[in-house]
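A look at the structure
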Amino acid sequence: MTFDENDSTRSSSRNTGFRELAHPPITTDESFQEALRALVLDADAHGVDVCGGWAIESNGADRAWDIKITRVSRRSVVSIEDSDFPASAVADAVAERDGVDTTDLPPLYDAIGPDVLEVLHDAEADSDHSVTFDYAGYTITVSADGTIVIRE
């Protein structure tokens, strides 16, 4: 592998043979959190066990930092906005959360009859009616007020 000295996407350390992408310097807690999140998600997506501890070298001195990554359950809340088809709103919300097209999801009718969602949608918005079901690896709760809660 040859390195082009003008290629800013490669590390200045040429002895490792690894290609490293250039990134803006991490100077704030927010930029650190963003960079760490991206790194952990990328590693996890490629089958790397992200739990563990690593030695961090700084200014020639070794510092041992234990880093433990814990996956937490996420909850998304969206609303059915003037939709005549609440089943479509549920599929759209799950697809958006997963970053996929709705055609990549299993049929919603395998999890719940769309007519149940229609009846719920037609109920009075201030009622406390809701329905909970499992779909595409999530637990979905749809309320009469148009709220959709997606839990892992």
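Read on for an overview of the structure.

What counts, and at which threshold
- Residues numbered from 1 in each chain as written.
- Predicted model: local features only at pLDDT ≥ 70, side-chain atom pairs only at ≥ 80, totals over all residues.
- Heavy atoms only, no water.
- Helix = DSSP H or I, 4+ residues; strand = E, 2+ residues; numbered from the N terminus.
- Buried < 20%, exposed > 50% of the residue type's maximum accessible area, 1.4 Å probe, protein only.
- Contact = heavy atoms within 4.5 Å.
- Areas by Shrake-Rupley, 256 points an atom, 1.4 Å probe, with all protein chains shown as cover.
- Polar contact = N/O pair within 3.5 Å; in protein donor to acceptor, adjacent residues only side chain to side chain.
- Pairing = 2+ DSSP bridges.
- Core = buried A, V, L, I, M, F, W, Y, C linked by side-chain atoms within 4.5 Å.

Moving on, we get to the overall build of the chain. Assigned secondary structure in the chain consists of three helices and six strands. Start at the N end of the chain and walk to the C end: the helices and strands fall as α-β-β-β-α-α-β-β-β. Taken across its 152 residues, the chain has 22% of its residues classed as buried. Long-range contacts, defined as pairs at least 24 residues apart, comprise 38% of the intrachain contacts of the chain with a sequence gap of at least 6. Carbon together with sulfur atoms contributes 49% to the accessible area of the chain, which is approximately 11,400 Å² in total.

Quick look at the environment of Thr141 now. Within the secondary structure layout, Thr141 lies in strand 5 (residues 138-143). Sequence separation of Thr141 and Val90 is 51 residues, and the distance between their C-alpha atoms is 9.5 Å. Discounting residues that sit within four places of it in the chain, Thr141 has contacts with Ser130, Val131, Thr132, Thr147, Ile148, Val149 and Arg151. Within the structure, the side chain of Thr141 is placed 3.0 Å from the side chain of Thr132, a separation counted as a polar contact.

Moving on, we come to the pairing of strand 5. Two faces, one strand: in a regular strand the side chains alternate between the faces of the sheet. The pairing of strand 4 (residues 130-135) with strand 5 spans six bridges and is classified as antiparallel. Among the inter-strand pairings, Val131 is bridged to a residue of strand 5, identified as Val142. The pairing of strand 5 with strand 6 (residues 147-151) spans four bridges and is antiparallel. Residue Thr141 lies in a different strand from strand 6, and its bridge partner there is Val149.

Our next topic: the nonpolar core. Ranked by internal contacts, the top residues of the largest apolar core, which has 21 residues, are Val90, Leu108, Leu117, Phe133, Ile140, Val142 and Ile148. Looking at this core, the elements that each hand over two or more residues are helix 2 (86-98), helix 3 (114-122), strand 4, strand 5 and strand 6. When residues in this core are grouped by element, the largest group, six residues, is from helix 2. Ignoring sequence-local partners within four residues, the contact set of Ile140 consists of Val90, Val94, Val131, Thr132, Phe133, Tyr135, Ile148, Val149 and Ile150.

One can find Thr147 in strand 6. Look at Thr147 and you get buried, because its relative accessible area is 19%. At 2.8 Å, the side chain of Thr147 forms a polar contact with the side chain of Asp145. Setting aside anything within four residues of it in sequence, one finds Thr147 in contact with Val77, Val78, Ser79, Thr141 and Val142.

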